[in-house]
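# Descriptive structure summary
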Amino acid sequence: KVQPGMRMTENGEDSSPSQPDGVLPRGAPGGKDPGVSSDKRPVNPSTEDNKPTKLIDTLQFPQDVQDQSSKPSLYQPRPPLLPKPPALSKGGKSGSMEEVRSRRLKHSQESLTDPAETGSSTDSLKEDSTVTGGSIVGPLLTPTGPHDHHGDPVEQRGRPFKVRLSPLQPSGPLPALEQTLASESLRTANRIDRDCVDYGIVPGRAGPERLHLHRNLSDSRLLDNMVLDNTSVNSMKSTFSVLNPIRPRDVRNRSFLEGSVLGSGALLGAEELDRYFPERRVGIYIATWNMHGEKGLPNNLDDLLLPTDSEFAQDFYIIGVQEGCPDRREWEIRLQETLGPYYVMLYAASHGVLYLTVFVRRDLIWFCSEVEHATVTTRIMSQIKTKGAVGIGFTFFGTSFLFITSHFTSGDSRVYERILDYNKIVEALALPKVLPDTNPYRSTSSDVTTRFDEVFWFGDFNFRLSKDRVEVEALLNQNQGVDMGPLLHHDQLSKEMKDGSIFKGFQEALIQFLPTYKFDVGCDVYDTTSKQRTPSYTDRILFRNRQVGDIKVIKYTSCSMIKTSDHRPVIGMFQVKLRPGRDNIPLGAGQFDRSLYLEGIRRRITRELKKREATKDQGSSTICSIS
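As the structure is a computational prediction, the values presented were derived from the model and not from experiment.

So, on to the overall build of the chain. Helix and strand counts for the chain come out as 13 helices and 19 strands. Sorting the 627 residues of the chain into buried and exposed places 45% on the buried side. Partitioning the contacts of the chain with sequence separation of at least 6, the portion at a separation of at least 24 is 70%.

Here it is in structure tokens:
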């Protein structure tokens, strides 16, 4: 409400003369109180720019009051005026203005959350237009249009002027955005479950790098293409999604069988590789185990594939078995049950009792090529398939991989026969067959390991320690499993590799675990039979790469929790460098063993239900004691 002749400054003070000519004092006979409006309908703040309210219609200017001063009016008694709040005086406005703003913001927020938009907008207007001591509290009404140097309208005198409500001021600081919006539209579809989110906040960082992927350093930071929409009330629960919008031209040009003919939109190109692997490294988990032909499998394979001391699971799981169990299908189902729905079996191959299985993360299967395998027997009689090798080769993006598991000739002194086994395998393993060689200039026809970018060779190589058992046990007692250097000085494989007679170009991580052969089944005691075999490092994982530094060792150890065989499994975790593909690679089109997947998941669910029932039964049982 504005009194006649009043001019408002920006800070809400009254700059009008104390009593304009021709205007009767407030409350005097014949005078009309301009601060009273006969229309008390609620005012909607959302339409103040389009429809002038009745409050504006009651505003009068000095010349209008002078024209009406001659008309008689009845005397209307009014309550005594309240003194002007001292906080609004020139000495202390800041504190009062904050109170008025917070009070105004409170009612405004109520109106925003009110679906019917009733009850709060009128109260907010009344709060802000309270008259105290002949002045308006707060800069609520602001005249628009040309003004003279005193602040009065020049051309619009004598008619109502447009009044605008001042903008709402927040009562506190707004929450900071975690990511700059990539577009004005907030994308709230394409959500993923909370338990599948692999993104976290790295302390001590700021900016776009603050959101960091820490699954296993192998997924993509999709921040450049994502939108964080936590500023929307209806989408506060939205989160990042791996599914980006697909453009029509990508649908036209992309084929999951032959890649893409466009370099910029290639399925295996650099752009797609950087989306999924910003550091261009993929996680590889390798396990090798001589099962000793046992029919009974361990009750739980979590210790073999999912060790508790590992922070993240890996992208590929490759499991090689020697002297495997008679039921190979049962073994593969158990592996699928352990890895769960996040992984699918890309390929499996066997050679007699040698099993080699490859699992891959389900969302990475599209970037795998067709898979090829080959086998070699090292026995004189080819019908006996207990010794030999099986290899699996494929390309992931533009990097070719070869995985070989083998079982060499046994015996403490038969080193030469084991070298012959190695030579026969590298010459006879016919891979690749159809897949193109990613670097044919560095390949040789006499060595299969030179025809792939990254090669992992693991298995029971049967190389022993050239010491008798008493001396080996004495060294084990002295070192307590901390420094295996004194034992490895007598290792046959290490010696032959240094001489260059076997595994040319291969490397092995530092061994810091106890010998994995030979144990009594079910316990941690080395062989107590009449043969008294010497403890040895028969089970190994070796690797070779074309480019120096492509393979980074994360972990290399044994699994001492599985004791169903006379061998302890050996596991290795690696980070491998990836390179973009050239789209001349025949892709696998996402094929995997679906029946195996369904059976493994069904067993996993059944196992979880049994655990819950057992827990429920234990919780409901009671124990009574009779004294």
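What follows picks up the thread again.
This part takes up the packing of aromatic side chains. For any pair of aromatic rings, the description consists of the separation of the ring centres together with the inter-plane angle of the planes. Taken as a whole, this structure holds 29 aromatic pairs when the rule is applied. Considering the side-chain rings of Phe 401 and Phe 403, the 6.0 Å spacing of their centres and the 0° angle between planes classify their relative orientation as stacked. Residue class for Phe 403 comes out buried when judged on its relative accessible area of 0%. Taken together, the ring pairs connect Tyr 276, Phe 277, Phe 316, Phe 367, Phe 394, Phe 396, Phe 397, Phe 401, Phe 403, Phe 456, Phe 543 and Phe 574 into an aromatic cluster. In this structure, Arg 418 packs its charged tip against the face of Phe 463, placed 5.0 Å from the ring centre. In this structure, Arg 568 packs its charged tip against the face of Phe 519, placed 4.0 Å from the ring centre.

Here we come to the environment of Leu 364. As for its position among the elements, Leu 364 is in the loop between strand 12 (354-361) and strand 13 (372-377). Each C-alpha atom of the pair Leu 364 and Gly 590 lies 8.7 Å from the other, and the pair is 226 residues apart in sequence. Excluding anything up to four places from it in sequence, Leu 364 contacts Tyr 276, Phe 277, Asp 315 and Phe 396.

A word on unusual backbone geometry. Of note, the bond from Leu 431 into Pro 432 is cis; its omega dihedral lies within 30 degrees of zero at -5°. Topologically, Pro 432 is positioned in the loop between helix 9 (415-428) and strand 16 (454-460). Lys 518 follows Tyr 517 through a cis peptide bond whose omega is 0°. Positive phi, normally seen in glycine, also occurs at Arg 280, with a value near 55°. Among the structural elements, Arg 280 can be located in the loop between helix 6 (270-276) and strand 9 (281-290). Taking the relative accessible area as the measure of exposure, Arg 280 reaches 22% and is therefore partly exposed.

We now examine helix 10 (residues 469-479). Taken together, the buried positions of helix 10 are Arg 469, Val 472, Leu 475, Leu 476 and Asn 479. The arc that holds every buried residue of helix 10, seen down its axis, measures 125°, which confines them to one face. In this structure, helix 10 carries Val 470, Asn 477 and Gln 478 as exposed residues pointing more than 90 degrees from its buried face. Buried residues belonging to helix 10 abut helix 11 (485-488).

For the rest of this paragraph, the subject is the UniProt feature "transmembrane region" (unreviewed entry) in the chain. When the UniProt feature table is mapped to this numbering, "transmembrane region" (unreviewed entry) covers residues 342-360 and 389-408. Each end of residues 342-360 is marked by a C-alpha atom, and these two atoms are 9 Å apart; helix forms 0% of the span and strand 84%. Measuring from the first to the last C-alpha atom of residues 389-408 gives 9 Å, for a span that is 0% helix and 85% strand.

How each quantity is defined
Residues numbered from 1 in each chain as written. Predicted model: local features only at pLDDT ≥ 70, side-chain atom pairs only at ≥ 80, totals over all residues. Heavy atoms only, no water. Helix = DSSP H or I, 4+ residues; strand = E, 2+ residues; numbered from the N terminus. Buried < 20%, exposed > 50% of the residue type's maximum accessible area, 1.4 Å probe, protein only. Contact = heavy atoms within 4.5 Å. Phe/Tyr/Trp six-rings, centres within 6.5 Å; stacked < 30°, edge-to-face > 60°. Lys NZ or Arg CZ within 6 Å of the ring centre and 35° of its normal. Arc of directions from axis to C-beta. UniProt positions renumbered as here; feature names shortened; annotations may be inferred.

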